[in-house]
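The residues making up each chain are set out below.
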Amino acid sequence: MLHLSVIAPFLFAILVPFLRRYLPQTHTGWFVLPIPLTIAIYLSSFLPQIWQDEKIIRTIEWIPSLGINFTLFVDGLSLLFALLITWIGTLVVLYSAYYLDKKEALGNFYVYLLMFMGAMLGVVLSDNLVVLYVFWELTSLSSFLLIGFWYYRERSVYGAQKSMLITMAGGFAMLAGIVLLYVIAGTFSIRELIEKADVIMASELYLPTLILILLGAFTKSAQFPFHVWLPDAMEAPTPVSAYLHSATMVKAGLYLVARLTPVLAGTPDWLIMVSGVGIITLVWGAFIAIRQTDLKAILAFSTVSQLGLIMTLLGIGTDLAVTAAVFHLFNHSAFKGCLFMVAGIVDHEAGTRDIRKLGGLAALMPISATLAFIGTFAMAGIPPFNGFLSKEMFFDATWKAGGLDYGFLSWLGPVLPALAVLGSIFTFIYSMMLFFKTFKGSTKLDQLPKKPHEAPKGMLISPIVLGAIAVLVGLFPSLVAGTIVAPAAEAVTLVPQEVKISYWHGFTPPLLMTLTVVGLGTLIYWKLAGWLKVYAALPETLSINRFYDGITNYLPVASGKITGWYMTGSLRDYLAYILAAMSLILGFTLLSQGGIAFDYTNLAPIAPYEYLLVAIIVLAVFTIFFAQSRLVAIIALGIVGFVVSLLFIIFRAPDLALTQMIVETVSVSLFLLAFYHLPELKKEEVKPRTKFINILVSGAIGIIFALVAFSAHNTKLFETIAGYYLENSYKLGGGKNVVNVILVDFRGLDTMFEITVLAIAALGIYGLIKLRLTKKGE
Amino acid sequence: MLDFNFSYLTIEILTAILGIGLLILGLLVPKEHRKGFGYLTSAGLIGILVGTFYMFGINESTNKGMFIADDFSVFFKQLFLVAAILVTLAANDYVEKLEEGKSEFFALIVFATLGMMVIASAGDLITMFVGIELMTISFYCLVGLKKRDSKVAEAGIKYLLLGGVSSAVILYGLTLVYGTTGTTVITEIANRVAQGSLAPALLLGIIFLIAGFGFKISLVPFHMWSPDVYEGAPTPVTSFLATGSKAAAFVAFIRIFLDGMPSLQDNWLALFIGLAMLSIIIGNLVAIPQTNLKRMLAFSGVAQAGYLMTGMVAGNAAGVAGIGFYLFIYAVGTVGAFAVATAFYNATGTDDIKDMSGLAQRNPLMAASLLVAMLSMAGIPPLAGFAGKLFLFAAVVEKGYLWVALVGLVMSMMSVYYYLNVAKAMYMNDPVDDTPITLSGSMKLVLLSSVVVTLILGVWPTPLSDLALAAAQVLGL
């Protein structure tokens, strides 16, 4: 059953195109809606078991030979994510049924969305890291397809490609990390890895493993400096942004970090990397968000920054921090989902998301304005909303993290709370911007493409639900503290958690931090115009987007250059490369294996005319090198061959000599014939450099082959067969010419078949010529 | 006296009969009625494929070890046959348009398949060389089949010349191996090599063999021919060249090196690793700027050859099984991709990626099958290519060469880029010309089966991987 809840979205996705085709009158969203709802209800039924501290494990064999099984595992953490995925999924599908017009390519949209839902459930429920990776990449793929949903917009395509490239690159890094984990611990199962945590920590591969796994998590969760894809991903339809790019997919990286906390956490490396990157992301994302003018862009950077906040907490990893992380993750899904949907409504009703054009919408869209108020104030961390509580816990956790072991970055401990406050000030500012610039102030109706009015009721249901959660959890945190937060935190820390969340702790550092945030935030917001000048001072060239664009633009150019450099299309170049490579490898082997050896013993004396013949060969070879015309070169080549056959005669091998002569004659005349028939070749000068390389390569290959021949000659591991023939050709074959006896007697059958083959070939050639002649005669 | 069990050659004999029969039939049937040879060939090959299942479990050799009928060879014969069947099915439309050589085309495909089968079953270097030449010469003819087209002629000449060089190099290598071990039977070579001292000449022979087969596999730096030839050759031929020929050369590699010279591993391993790394890196890098689909697939094929070589580096049963599995899915995917190229060329007369803009609107099946094939080659789960890479990399990691697998992973990441560019063109750009492309029934069958097999083996790889492992274990590695 559990497996079915992961597979069901995929199965239903197959049906969607048919529903779309045969029932076009009904919005496809209505058919899809029951799927996430059913799964959500089914998964919720696991809650009592989780409260009893039970764990649910179901296994199906997948690739047993590699120890990779499709094992699903439900504990507090995975259930929290699974519930977020399915319940928010339900709300998003409901919202999309109003948001997307029936004329859009709804079939594609819901296929991709269901695919994503199934994949995401797979990520959070898998026990096996390889299976997790499989689903991980599927979420990237479906995100790619959803961002590119409006493929006719250039920005969409750019955003889709960017997100795909960055997250897939991270995914491969993560896979490499998974492989390393396997190398260390010999298993892909997360449960078994947790048992072997001490082995992994002690391994010398620990650091590379950690870095690779974190690369996967950071790219997916849009952590600095990989966050650049998320703002561009906002080209997706708003329901997608609300679902994938704020509530679920971008939290997959957080899930991975939380899931592997028992395996990898607890070292200074972990603390520095996870918290360091997290806190930078928090500050940077919030800082940049203030500059944005597009509602969704603000929300995107805000998501980046909030993810950084949770990442920081996971890095700190104390019981308090983990609880805060889980709690804030839950809260963020509620208020950010709500805000995205409201942004979608504003876009839908007013026709723009530009805050410079918007303003005073509260009067026209009171319900949306209320929702936005709840969302933004929760995000800013103002009571009585849920964001206040978790942000308070965040401050507390950073404050108490000072005593942890930061390795060589010991100054990070005290700085952490300061950075947390700084990031939160920025968060406060953009939250205020988001609400006041959109819904308060003067209306500029003349600048809006549409006349705004309140959204249809159906469209409001989902944000209302999310907004209500933000308020309810804010007022009664115990609703979720023991039921959802504590089990999830226990799954990370592996010790029982007693979670008590309350408003008033007395005058503690966290409260002072909150007061600082609100005070300074209000001050800067009041003087916002002045603050915005800060951004003008930032150097543009250092932007990470430029870096990404630079790589993606430079890569094709650079590899184009490599291609142009060696894929010339010229046969001569190819041969030169291949032969050069061969002579290098052969030469290296000969040298390293001591293969260069000359055996001067047992050699015949060299007669003076033999020197002469060799001199002629050498001369002919040099003629080939420097010949101006091809004809001369061919004739010189022929001379080499003929002189070699003369050498054969001197060594009393007339049959060999004869063969060699015939071959030489035929090849030279064929060459000449071919050149006679070919059109006159261009008489362009061969460049000296080309010529030099020609000589070098051919010289090298010639020398190497000579050395190979010597080496082969020196190797006499056993008696040659020649002795047998010499001894027996007269005794058994009755002939004195050994070669003849071999041909007609010892290997008589071979000779016969050879002749047969030759005869058949001759007949074939005769037939071809004859055919050709009759054709011409016709 | 003649120790020769002809029943072991049943499959080869049947294939030879099919090939010769096609040739004779081509002469008997008047020119204007020469249609349906493709279907006949496919039907014949399917029959032979069914027959191969009866060859499992023999595991014997005949004629003093010259010919081996083991499960390993049967597995690869089935691979060749599947590739040949898909190629012949996809080639029908193309061949119909040919002016001459309609029946010869299919006969040559069958002969090339026969050559590959002989390589798979060769227990002797000479038998193997005969197989190689039968395959290669058939390909020379196939590549240059449309000889009046200047691009084809150029490809044909290049393939002939460079192929001739590589055959010569292989032969030289075989000679040196024979000269230093005194035998051509592979099992005997293994014995001699294991006992005897190591002659430098034997090492040189090994290098010649690696270079020669490296050419057939198109490993860097012996790969230069492949983009030019892949681009110029008739696309169905290209697809067979890219799959069958490569697979056959790998079989030869496995037989000669893993079966014949396991004790010399220290000597050839470094070279294998070097060539694998070079191929993976250069193949993927250079595929990026390609604007022609067939050239891009050629370079990606170079990279794929590099991935396959990691299985050779592993050198154990798991590695060989990985090679078998990967070659199978690579064959299915590549034939699918080239089938799309064939159909696209038939409809539009171009192979350029920019002309494929908006293909998803013109023919969704073509776009989908090319996308699936490419994502599988990039190793994106849950497609079969991912499972294949998993097997290969797991084997090589097991062997202790972690970094080889890591380089493979990094470059797989890079390959997503150029595959994605094609996907982007097909799915997100506006078509230059939005007339729908229609496909023939057999072409649809090829595309569908390529997609379905790639998907199913990705989600459920165990049946094929078990088969591949069983085949690999026969070698006793």
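Quick caveat: nothing in here was measured; it's all calculated off a predicted structure.

Conventions and cut-offs
Residues numbered from 1 in each chain as written. Chains lettered and ligands numbered in written order. Predicted model: local features only at pLDDT ≥ 70, side-chain atom pairs only at ≥ 80, totals over all residues. Heavy atoms only, no water. Helix = DSSP H or I, 4+ residues; strand = E, 2+ residues; numbered from the N terminus. Contact = heavy atoms within 4.5 Å. Buried < 20%, exposed > 50% of the residue type's maximum accessible area, 1.4 Å probe, protein only. Lys, Arg positive; Asp, Glu negative; His and termini not counted. Salt bridge = Lys/Arg side-chain N within 4 Å of Asp/Glu carboxyl O. Expected span 1.5 Å × (residues − 1). Bend = angle between axes of the 7 residues up to and from the residue. Polar contact = N/O pair within 3.5 Å; in protein donor to acceptor, adjacent residues only side chain to side chain. Buried area = accessible area lost by both parts, 1.4 Å probe. Domains from an automatic or database assignment.

1. With respect to the environment of Phe215(B)
All names here are of chain B.
Move 1: Residue position: Phe 215 is located in helix H8 (residues 200–217).
Move 2: Note: C-alpha distance between Phe 215 and Gly 163 (52 residues apart in sequence) is 7.7 Å.
Move 3: Aside from chain neighbours lying at most four places away, what touches Phe 215 is Tyr 159, Leu 162, Gly 163, Ser 166, Phe 222 and Trp 225.

2. A word on the side chain of Arg20(A)
Residue and element names in this part refer to chain A.
Move 1: For Arg 20, the position within the fold is in helix H1 (residues 2–22).
Move 2: No salt bridge is formed by the buried Arg 20; the nearest opposite charge belongs to Asp 101, separated by 7.7 Å.
Move 3: In this structure Arg 20 touches Thr 28, Lys 102, Lys 103, Glu 104, Leu 106 and Gly 107, once residues within four positions along its chain are discounted.

3. As for the pattern of salt bridges
Move 1: Under the counting rule described, the total for this entry stands at 23 salt bridges over all chains.
Move 2: Two residues, Arg155(A) and Asp232(A), come together in a salt bridge whose shortest N-O distance is 2.6 Å. With Arg155(A) in helix H8 (residues 154–185) and Asp232(A) in helix H12 (residues 229–232), this residue pair connects regions lying 77 residues apart in the sequence.
Move 3: By relative accessible area, which is 10% here, Asp232(A) ends up buried.
Move 4: Between Asp228(B) and Arg295(B) there is a salt bridge whose closest N-O contact spans 3.1 Å. Placement of the pair is Asp228(B) in helix H9 (residues 225–232) and Arg295(B) in helix H12 (residues 293–314), with a sequence separation of 67 residues.

4. Regarding H1(A)
Residues and elements named next belong to chain A.
Move 1: Given a rise of 1.5 Å per residue, 21 residues ought to cover 30 Å, and the 31 Å separating the end C-alpha atoms of H1 matches this to within 8%.
Move 2: Residue Ala 8 marks the point of greatest curvature in H1, where the axis turns by about 40°; the proline Pro 9 follows within four residues.
Move 3: Taken together, the buried residues of H1 touch helix H2 (28–32), helix H3 (34–44), strand S1 (56–63), strand S2 (68–74), helix H6 (106–125) and helix H7 (129–147).

5. Brief notes about the side chain of Ser221(A)
All names here are of chain A.
Move 1: With respect to the helices and strands, the residue Ser 221 is situated in the loop between helix H11 (206–220) and H12.
Move 2: In this structure the side chain of Ser 221 is engaged in a polar contact, spanning 2.5 Å, whose partner is the backbone oxygen of Val 250.
Move 3: Ignoring sequence-local partners within four residues, the contact set of Ser 221 consists of Val 250, Lys 251, Ala 252, Gly 253, Leu 254, Leu 307 and Met 311.

6. What to know about the interface of chain B and chain A
Move 1: Each partner contributes residues to the interface: chain B has 68 residues there, and chain A has 61 residues.
Move 2: In total, about 5,700 Å² of surface goes out of reach between chain B and chain A, with carbon and sulfur atoms giving 82% of it.
Move 3: The largest share of the area that chain B buries against chain A comes from Met224(B), Tyr417(B) and Met428(B), three residues that together contribute 12% of it.
Move 4: At the boundary of chain B and chain A, one finds zero salt bridges.
Move 5: The tally of links from chain B across to chain A stands at seven residue pairs in polar contact (both at pLDDT 80 or more).
Move 6: Counting residues per element, the side of chain B that touches chain A draws most heavily on helix H17 (residues 402–428) of chain B, at 13 residues.

7. Side note on the domain arrangement of chain A
Move 1: Here chain A is described as being made up of domain 1 (266–536), domain 2 (570–717) and domain 3 (720–778).
Move 2: Here the C-alpha centroids of domain 2 of chain A and domain 3 of chain A sit 28 Å apart.

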